[in-house]
Amino acid sequence: DPRDSTLLQLMNDAFKILSRITHACNGAVRDMLFDDKGCVFISVFGAHSHEVNPCFDATVSAMRMESALKDLKLKRFSLGVSFGECFCGEVGPPIRSDYVVMGPEVNLAARLMGKAPNRGTLVSKRIYSHSKKFIHFIKSQEIQVK
């Protein structure tokens, strides 16, 4: 089916663009997953480097990603950005191990993504407080994430 080929090309283009943005902002790509939520792209900032402000890097990355996804003419997407301690590393037996990122902040980012407006981004209070000196945010209404 030609539609499958078009969708596959779009997802491949999105992965390449989002990966470039992540790396340009001092981040690492964790994964691009397809599940019940649709397509989920996961980036990690500050886990593999000693950058001065990973909150700023993650926020700039999200801003660039939002713009790039709009340029790709995607009709539906949302982004969630959070910051804090989490586990990053390999889990599972050596023959089938996987690199994972997990913890409350990962869950919060996923919840923010789920609450973000279509074609928009929500950031956590911690991201806001660590980045507000450098980035102008438009404050959203208070939301309950869980």
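Residues numbered from 1 in each chain as written. Predicted model: local features only at pLDDT ≥ 70, side-chain atom pairs only at ≥ 80, totals over all residues. Heavy atoms only, no water.

1. Considerations on the pattern of salt bridges
(1) Moving on: Going through the model one piece at a time under the given rule, you end up with 5 salt bridges.
(2) Moving on: A salt bridge links D98 to R30; the nearest nitrogen and oxygen atoms lie 3.6 Å apart. Highlighted residues: D98 in strand β5 (residues 98-102) and R30 in strand β1 (residues 27-35), separated in sequence by 68 residues.
(3) Moving on: By relative accessible area, which is 18% here, R30 ends up buried.
(4) Moving on: Salt-bridge contacts for E142 lead to K125; the nearest nitrogen and oxygen are separated by 3.9 Å. Here the residue E142 occupies a position in the segment after α4 (125-131), and K125 occupies one in helix α4, the gap between them amounting to 17 residues.
(5) Moving on: Exposure remark for E142: the relative accessible area of 61% places this residue in the exposed category.
(6) Moving on: Judged by its relative accessible area of 64%, K125 falls in the exposed class.
(7) Moving on: Through salt bridges with shared partners, a single network forms among R30, D31 and D98. (Salt bridge = Lys/Arg side-chain N within 4 Å of Asp/Glu carboxyl O. Helix = DSSP H or I, 4+ residues; strand = E, 2+ residues; numbered from the N terminus. Buried < 20%, exposed > 50% of the residue type's maximum accessible area, 1.4 Å probe, protein only.)

2. Overview of helix α2 (residues 54-71)
(1) Moving on: The end-to-end C-alpha distance of α2, which contains 18 residues, comes to 25 Å, matching closely the 26 Å that a straight helix rising 1.5 Å per residue would cover.
(2) Moving on: All buried positions along α2 are accounted for by P54, C55, D57, A58, T59, V60, S61, A62, M65, E66, A68 and L69.
(3) Moving on: Positive phi shows up at K73, right after α2, with a value of about 65°. (Expected span 1.5 Å × (residues − 1).)

3. Concerning the side chain of N53
(1) Moving on: Position of N53 among the secondary structure elements: in the loop between β2 (38-45) and α2.
(2) Moving on: When its relative accessible area of 18% is taken as the criterion, N53 is described as buried.
(3) Moving on: A polar contact is formed between the side chain of N53 and the backbone nitrogen of F56, at a distance of 3.0 Å.
(4) Moving on: What N53 contacts, discounting residues up to four positions off in sequence, is H130 and F134. (Polar contact = N/O pair within 3.5 Å; in protein donor to acceptor, adjacent residues only side chain to side chain. Contact = heavy atoms within 4.5 Å.)

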